Amino acid sequence: MSRNNPNKDSQTPDAKKSISLPVSRVRLIMKSSPDVSSINQDALFLTTKATELFVQHLALSSFNNGSGKDSNTLEYSDLAKTTEENETFHFLTDILPKKILARDYLKTLEQMQEEEEEADL
C-alpha cells in the first residue's frame, strides 16, 4: 500500500512555477524518440529543467564572449561563435553554423573544385 507524500504534493505547484519552458513541448520531443515508450513525470520535470539551465548557460556564455555586451544584446553570430570556439558547445556547430554570404560560399566551392582538379592531374 502506498502512502501519499504530503511534501511532494505541496512542491508540485512551486516546481511548475520554476520552469519557463513548456513541459508539453518537451514531452512531445521526448516521445518523438522511438526508444521512449512512457515518460515519468519526475523525468519530464528534470529534463525540462536541465534543458532550461543548458539554454541559459549557452546564452550567458555567448553574451559574455559576444559583441553585444555594450548594447546589451545577444545575436545569432554570438551563439555561433561560442559553439565554434567553446569545446562544451562544440556539438552544436551543425545546428548553429556561422552565417556566410552566398557569394562567399560559392567562391569557396569554386576554390575547392579547382583544388580537386589540380590534384587529379
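The coordinates are above.
Residues numbered from 1 in each chain as written. Predicted model: local features only at pLDDT ≥ 70, side-chain atom pairs only at ≥ 80, totals over all residues. Heavy atoms only, no water.

Caption draft 1: Structural view of the pattern of salt bridges. Under the criterion given, the structure shown has 2 salt bridges. A salt bridge links Lys49 to Glu52, with the nearest nitrogen and oxygen atoms 3.4 Å apart. One end of the pair, Lys49, and the other, Glu52, are both in helix α3 (residues 41-65), 3 residues apart, so they sit about a helical turn from each other. For Lys49, a relative accessible area of 23% gives the class partly exposed. Here Glu84 makes a salt bridge to Lys98, at a shortest N to O gap of 3.7 Å. Remark: Lys98 occurs in the loop between α4 (76-85) and α5 (102-120) and Glu84 occurs in helix α4; sequence separation between them is 14 residues. For Glu84, a relative accessible area of 41% translates into the label partly exposed. (Salt bridge = Lys/Arg side-chain N within 4 Å of Asp/Glu carboxyl O. Helix = DSSP H or I, 4+ residues; strand = E, 2+ residues; numbered from the N terminus. Buried < 20%, exposed > 50% of the residue type's maximum accessible area, 1.4 Å probe, protein only.)

Caption draft 2: Representation of unusual backbone geometry. Of note in this structure, Asn72 is not a glycine but carries a positive phi near 60°. Note that Asn72 resides in the loop between α3 and α4. Judged by its relative accessible area of 62%, Asn72 is exposed.

Caption draft 3: Spotlight on a negative patch on the surface. Residues Glu110, Glu114, Glu115, Glu116, Glu117, Glu118 and Asp120 make up a contiguous surface patch of negative charge. Considering the arrangement of structural elements, one finds Glu110 in helix α5. (Patch = residues over 30% accessible without salt bridge, like charges linked within 9 Å, V, L, I, M, F, W, Y side chains within 5 Å. Areas by Shrake-Rupley, 256 points an atom, 1.4 Å probe, with all protein chains shown as cover. Lys, Arg positive; Asp, Glu negative; His and termini not counted. Charge placed at Lys NZ, Arg CZ, Asp CG, Glu CD.)

Caption draft 4: Local environment of α3. When the terminal C-alpha atoms of α3 are compared, their 36 Å separation across 25 residues agrees well with the 36 Å that a helix rising 1.5 Å per residue should span. The complete set of buried residues in α3 reads Leu44, Thr48, Glu52, Leu58, Ser61 and Ser62. Buried residues belonging to α3 abut α2 (23-31) and α4. (Expected span 1.5 Å × (residues − 1). Contact = heavy atoms within 4.5 Å.)

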